[in-house]
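Architecture at a glance
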Amino acid sequence: MSQADGGRDRLIETYRKKAKHYDATSRLYPVPGYPHRALRRRAVQALGLRAGDTVIDIACGTGLNFPLIEEVIGPGGRIVGVDLTDAMLAHAQDRVERNGWSNVSLVQADAAEFGFPAEVDGILSTYALTQVPKCAEVIAHGAAALSREGRWVVLDVKVPDKTPGWIAQVGTAVVRPFASIDEWLTRRPWEAIRAAMQEELTDLSWTELLFGTAFLAAGSRGPGAP
């Protein structure tokens, strides 16, 4: 088994265990009182969506972003939720059925191997992409699938710049029960995400949130993109 396969299997097992209570426990990540819904709404707003748009939600989990997206795109739009874990998608399907949404498709796939449909209007990932070892490849694949004015938005956590190592280690220990973050500190995936978005997208905006413990990154393919 390769290192990548081992990491993927650990992620699947981690989130299979957490799927049943994920909606509740996610409110405690990374700390109790974290403004999850407000920041998710801000991320959806950064997509600049319109009624009838198609959105890919990468690592969608149980579908916590779906209601926020549905408010904008309406029944004429489309959501494709992609996640690695079958148990998380089962809960996402329950959410879809409870709300009577007929415009949501769910796909079980590794984000790095997902075949993005062409000409999508928005791609979103919240609190997940930093845990994907090949996060830069996901950014590149998604950027190539965007429509000319389509937007890529990533909301995720990070370590504040110039944080002493011991503080970072303590913070990692605190959030470890809520996420699979092995080697997260040494990989510094938020840096790879920022570099990939700068490379693949135009007009990139990068906003540090909550004293640098999170970030909101957004960019569009734009008319000059390859």
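Residues numbered from 1 in each chain as written. Predicted model: local features only at pLDDT ≥ 70, side-chain atom pairs only at ≥ 80, totals over all residues. Heavy atoms only, no water.

Turning to the side chain of R151, a few remarks are in order. Within the fold, R151 resides in strand β5 (residues 146-157). Reaching out from R151, the side chain makes a polar contact with the backbone oxygen of A46 at a distance of 2.8 Å. (Helix = DSSP H or I, 4+ residues; strand = E, 2+ residues; numbered from the N terminus. Polar contact = N/O pair within 3.5 Å; in protein donor to acceptor, adjacent residues only side chain to side chain.)

Turning our eyes to something else, we now look at the packing of helix α3 (residues 36-46) against helix α4 (residues 66-73). Relative placement of two packed helices is described by the angle separating their axes and the distance separating the axes. With their axes 9 Å apart at the nearest point, α3 and α4 run at an angle of 40 degrees to one another. In terms of axis orientation, α3 runs oblique to α4. Helix-helix and strand crossings are classified by hand; for α3 and α4 the assignment is right-handed. The residues of α4 that touch α3, namely those facing R37, R40, R41 and V44, are L68, I69, E71 and V72. (Axes fitted to C-alpha atoms, helices over the stretch in contact; angles between N-to-C directions. Parallel < 35°, antiparallel > 145°, perpendicular 65-115°, else oblique. Left-handed = near helix turned anticlockwise from the far one by under 90°. Contact = heavy atoms within 4.5 Å.)

What follows deals with the packing of helix α6 (residues 135-145) against helix α9 (residues 189-200). Orientation of α6 relative to α9, taken along the N-to-C sense of each, is 25 degrees, at an axis distance of 8 Å. In terms of orientation, α6 lies roughly parallel with respect to α9. Considering how the two elements wind past one another, α6 and α9 form a crossing that is right-handed. For the pair formed by α6 and α9, the contact residues are C135, A136, I139, A140 and A143 on the first element and P189, A192, I193, A196, M197 and E200 on the second. Each residue belonging to the contact of α6 with α9 can be placed in one class, and the counts come to 10 nonpolar, no polar and 1 charged. (Nonpolar A, V, L, I, M, F, W, Y, C, P; charged D, E, K, R; others polar.)

A few words on the nonpolar core. Ranked by internal contacts, the top residues of the largest apolar core, which has 30 residues, are I56, I58, L129, V138 and W152. Within the residue set of this core, elements represented by two or more residues are β1 (54-58), β2 (78-83), β4 (120-126), α6, β5, α9 and β7 (214-220). Of all the elements, α6 adds the most residues to this core, at 5 residues. Contacts of V138, omitting those with residues within four sequence positions, involve I58, A111, A112, F116, L129, V132 and W152. If you look at the next biggest cluster of nonpolar residues, it comprises 28 residues, including A46, I73, Y127 and L209. (Core = buried A, V, L, I, M, F, W, Y, C linked by side-chain atoms within 4.5 Å. Buried < 20%, exposed > 50% of the residue type's maximum accessible area, 1.4 Å probe, protein only.)

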